[in-house]
Amino acid sequence: MTVADQAMDWQKILASIEAAVSPHIGSGKVANYIPALACVDPRKFGIAVALPDGSMQILGDADESFSVQSISKVFTLALTLQRVGEDLWEAVGREPSGSSFNSIVQLEAEAGIPRNPLINAGAIATTDRLVASYGGGQAGAHEAMEDLLITARRLAQDENIAIDYEVAESESRSGSRNRALAHFMASFGNMKNPVEDSLSAYFRHCSIAISCRQLARAALFLAFDGCDPVTGEQVVSKERCQRILAILMMSGHYDNSGEFAYRIGLPGKSGVGGGILVVAPEHGTIAVWSPGLNQAGTSMVGSIALEELVQQTGWSVFV
Ligand code: GLU
């Protein structure tokens, strides 16, 4: 923890976040293209800040589980890079897309290689390589998801993280677009497993139920050169950590990534469940949740909370 961080008045910071968000609570649109997400109370709001000494600053519904959705792509990416290494970059690029999360247009022009691992097509391709690294097929998908859950629980130091199978089912039933993306990539030879096996793993990791406290804690290694500052576990190498953060900064919020970098100035990932995870290198991690989304699928109130937090802490990477 930096000297400046040690002197931080968290009560004051949390109070100013509360004041900044309260006029906006309930704004934005809850994702309804996945029916199981449509019934979430739009007035929910929680934030958790994980610090390197293991302490946690929280506000609101920070202990309530929500659907992690695309934020899971960060952990899938880290695990896949650990398992398959640089070969992953044959299946997926590292450029921001400037397109919506489920866009199909670029895929045709770019011969079935998605722009980055955080858009849906790229995350499906990444998940496909992860599943292949466990032997492929249904068994590989099952083992990969078991390992991902075990990893998330270990990093969060909390066993109460699980897949919400109702959400996974709902995603699968309403997953025509993701299926189209996967089949399109398969037509270019960019899927190693039967499409349904990789998709079933993708739907499962998007459906993990997690709280802000658990999420911020699980990602803490990303703020400290890949090393969990509390347990000392080197989860990924320093270089890999830097590269994951670069991808988050450029592509973490689809066609809202530029705006997010402009307003908040921290690498992060949003999900249509209303969660946002951001990493403040050398300071800590922040997870915020509020279900109302903007047009690009980023939590509206969550972004306001993060903007206020960065203003209060000075944690932008563009110091
Ligand atoms: N599971 C969602 C989907 O595939 C993830 C989208 C998101 O969270 O941005 O559409």
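Scroll up for the structure.
Residues numbered from 1 in each chain as written. Predicted model: local features only at pLDDT ≥ 70, side-chain atom pairs only at ≥ 80, totals over all residues. Heavy atoms only, no water.

## Details of the environment of isoleucine 58
Locating isoleucine 58 in the fold gives a position in strand S2 (residues 56-60). Separated by 44 residues in the primary sequence, isoleucine 58 and leucine 14 place their C-alpha atoms 7.9 Å from one another. Setting aside its immediate chain neighbours within four residues, isoleucine 58 contacts Leu14, Ile47, Ala48, Asp63 and Arg213. (Helix = DSSP H or I, 4+ residues; strand = E, 2+ residues; numbered from the N terminus. Contact = heavy atoms within 4.5 Å.)

## What to know about the sheet that holds strand S5 (residues 208-210)
Here we have three strands laid out as an open sheet, ordered S3-S5-S4, and antiparallel in their pairing. Across the chains shown, the open sheet's two edge strands, defined by having one partner strand only, are strand S3 (66-67) and strand S4 (162-163). In this structure, S4 lies alongside S5, joined through two bridges in antiparallel fashion. Along S5, the bridge assignment pairs alanine 162 with alanine 209. (Pairing = 2+ DSSP bridges.)

## Let's talk about the site of the ligand
Around the ligand, the neighbouring residues are Tyr33, Gln69, Ser70, Phe101, Asn120, Glu171, Asn178, Tyr202, Cys206, Tyr254, Gly271 and Val272. In this structure, an oxygen atom belonging to the ligand sits 2.6 Å away from a side-chain N or O atom of tyrosine 254. Between an oxygen atom of the ligand and a main-chain N or O atom of valine 272, the distance comes to 2.8 Å. Relative to its unbound accessible surface of 300 Å², the ligand loses 99% to contact with the protein. When the residues that make up the shell around the ligand are grouped by side-chain class, the tally is six nonpolar, five polar and one charged. (Near = heavy atom within 4 Å. Polar contact = N/O pair within 3.5 Å; in protein donor to acceptor, adjacent residues only side chain to side chain. Areas by Shrake-Rupley, 256 points an atom, 1.4 Å probe, with all protein chains shown as cover. Nonpolar A, V, L, I, M, F, W, Y, C, P; charged D, E, K, R; others polar.)

## Some words on the side chain of serine 299
The residue serine 299 is located in the loop between strand S8 (284-289) and helix H13 (300-313) in this model. For serine 299, a relative accessible area of 0% gives the class buried. Looking at serine 299, its side chain comes within polar contact range of the main-chain nitrogen of glycine 302, at 3.0 Å. What serine 299 contacts, discounting residues up to four positions off in sequence, is Gly274, Ile276, Ser290, Gly292 and Leu293. (Buried < 20%, exposed > 50% of the residue type's maximum accessible area, 1.4 Å probe, protein only.)

## Examining the pattern of salt bridges
All chains considered together, the criterion is met by 10 salt bridges. Aspartate 228 is paired through a salt bridge with arginine 217; the nearest N and O atoms lie 2.9 Å apart. Here arginine 217 lies in helix H10 (residues 212-218) and aspartate 228 lies in the loop between H10 and helix H11 (238-251), a separation of 11 residues in the sequence. Taken as a pair, aspartate 228 and arginine 217 share a single burial class, namely buried. (Salt bridge = Lys/Arg side-chain N within 4 Å of Asp/Glu carboxyl O.)

## Focus on the packing of aromatic side chains
Going through the model one piece at a time under the given rule, you end up with four aromatic pairs. Here the guanidinium or amino end of arginine 83 rests over the ring plane of tyrosine 134, the centre of that ring lying 3.7 Å away. Looking at arginine 94, its charged tip hangs above the ring of tryptophan 89, at a distance of 4.9 Å from the centre. (Phe/Tyr/Trp six-rings, centres within 6.5 Å; stacked < 30°, edge-to-face > 60°. Lys NZ or Arg CZ within 6 Å of the ring centre and 35° of its normal.)

## Side note on the packing of helix H3 (residues 72-84) against H11
For the pair H3 and H11, interaxial distance at closest approach is 11 Å and the crossing angle is 145°. Seen along the crossing, H3 lies across H11 with a hand that is right-handed. Where H3 approaches H11, its residues Val74, Leu77, Ala78, Leu81 and Gln82 are matched on the opposing element by Arg240, Ile244, Ile247 and Leu248. The class makeup of the residues in the contact of H3 with H11 is seven nonpolar, one polar and one charged. (Axes fitted to C-alpha atoms, helices over the stretch in contact; angles between N-to-C directions. Left-handed = near helix turned anticlockwise from the far one by under 90°.)

## Digging into the sheet that holds strand S6 (residues 268-270)
The antiparallel open sheet is built from five strands, whose spatial order is S2-S1-S8-S7-S6. Each end of this open sheet is capped by a strand with a single partner; those strands are S2 and S6. Each neighbouring strand pair of the sheet contributes to a mean axis angle of 5°, computed without reference to strand direction. Inspection of the sheet shows S6 paired to strand S7 (residues 275-280) by three bridges, in the antiparallel sense. In the strand pairing of S7, lysine 269 is matched with leucine 277. Contacts from H13 reach strand S1 (46-50), S7 and S8, with the element oriented near 150° to S8.

## Some points on unusual backbone geometry
Comment: phi is negative for the bulk of residues other than glycine, and the bulk of peptide bonds are trans. Not every positive phi belongs to a glycine, and glutamine 69 is a case in point at roughly 50°. Considering the arrangement of structural elements, one finds glutamine 69 in the loop between S3 and H3. Positive phi is not limited to glycine here, since tyrosine 254 has a value of about 55°. Within the fold, tyrosine 254 resides in the loop between H11 and helix H12 (257-263). On the basis of relative accessibility, which here comes to 4%, the residue tyrosine 254 falls in the buried class.

## Some thoughts on the nonpolar core
Ranked by internal contacts, the top residues of the largest apolar core, which has 53 residues, are Phe75, Ile208, Leu215 and Leu222. The greatest single-element share of this core, amounting to seven residues, is contributed by helix H6 (residues 137-156). Excluding anything up to four places from it in sequence, leucine 222 contacts Val74, Cys241, Ile244, Leu245 and Val279. (Core = buried A, V, L, I, M, F, W, Y, C linked by side-chain atoms within 4.5 Å.)

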